[in-house]
Amino acid sequence: MVMSCVSKHPEIENVNWTYDGWDGKYPAPPGAAIIYTCRQHSRFMDGSLKHNATCSFHPDDAWETSFRGKDVRCRDEIAYPECRLTDMGKEYMGTVNMTESGSPCLRWDSPELTSSFREVR
């Protein structure tokens, strides 16, 4: 009767994972978990921030997962931009609050931005 996971945990491309309840060495004890998170603060295609796989307590060397099927992927940042191209900033979906150079982002209605838009028009 197998009471641990000898087989490797499920792998998902382009994600970070951390071990919870074990050191990552096999066999994994029952209840050992892998926490998957997308890189670059993105979400999985199903909207989840993280997924997990847990070594089953059942004697079948199985990993129980929080995701369904094999097509578990992180959102493609190009296909899902943080800013959508609708009314100025009304559909902002991200968590970015700093520019690439390290300056804090301005509010969409800040005087610095609204005056520069008036000048461009």
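Preceding this section is the structure that the text describes.
Just so we're clear, the structure is a prediction, and the values are computed from it rather than from any experiment.

What exactly am I supposed to notice about the sheet that holds strand 4 (residues 63-65) here?
Pairing in this open sheet of four strands is antiparallel, and the strands run 1-2-3-4 from one edge to the other. In this open sheet, the two strands that pair with only one neighbour each are strand 1 (15-20) and strand 4. Between one strand and the next, the sheet's axes are offset by a mean angle of 20 degrees, whatever the strand orientation.

For this particular structure, what's the right way to read the state of the cysteines?
For the coordinates displayed, the defined rule picks out two disulfides. Between the sulfur of C5 and that of C55 lies a disulfide, 2.2 Å long from S to S. On the sign convention where negative is left-handed, the bridge of C5 and C55, at about 105 degrees about the S-S bond, is right-handed. With C5 in the segment before strand 1 and C55 in strand 3 (residues 50-55), this residue pair connects regions lying 50 residues apart in the sequence. We classify C55 as buried; its relative accessible area is 1%. In this model C38 forms its disulfide with C74; the gap between the sulfur atoms is 2.0 Å. Judged by the sign of its S-S torsion, about -95 degrees, the cystine formed by C38 and C74 is left-handed.

For this particular structure, what's the right way to read the packing of aromatic side chains?
Two numbers describe a pair of aromatic rings. These are the distance of the centres and the angle of the planes. Scanning the entire structure with this criterion turns up four aromatic pairs. Ring geometry for Y19 and W22: centres 5.0 Å apart, planes at 75 degrees, overall edge-to-face. Y19 sits in the partly exposed class, given a relative accessible area of 36%. Ring centres of Y36 and F67 lie 6.0 Å apart, and the angle between their planes is 75 degrees; this geometry places the pair in the edge-to-face category. Residue Y36 is found in strand 2 (residues 33-38), and its partner F67 is found in the loop between strand 4 and helix 1 (111-120); the two are separated by 31 residues along the sequence. Here the two residues Y36 and F67 agree in accessibility, since each one is buried. Three or more aromatic residues joined by ring pairs form one cluster here, namely Y19, W22, Y26 and W63.

Can you help me understand the pairing of strand 2 in this one?
Within a regular strand, side chains alternate between the sheet's two faces. Of the pairings in the sheet, the one linking strand 1 to strand 2 comprises six bridges and is antiparallel in character. Among the inter-strand pairings, N16 is bridged to a residue of strand 2, identified as T37. The pairing of strand 2 with strand 3 spans five bridges and is classified as antiparallel. Counterpart to Y36 in the pairing with strand 3 is H51.

Definitions and limits used
- Residues numbered from 1 in each chain as written.
- Predicted model: local features only at pLDDT ≥ 70, side-chain atom pairs only at ≥ 80, totals over all residues.
- Heavy atoms only, no water.
- Pairing = 2+ DSSP bridges.
- Helix = DSSP H or I, 4+ residues; strand = E, 2+ residues; numbered from the N terminus.
- Axes fitted to C-alpha atoms, helices over the stretch in contact; angles between N-to-C directions.
- Disulfide = S-S within 2.5 Å.
- Buried < 20%, exposed > 50% of the residue type's maximum accessible area, 1.4 Å probe, protein only.
- Phe/Tyr/Trp six-rings, centres within 6.5 Å; stacked < 30°, edge-to-face > 60°.

These figures come from the coordinates and say nothing about function on their own.
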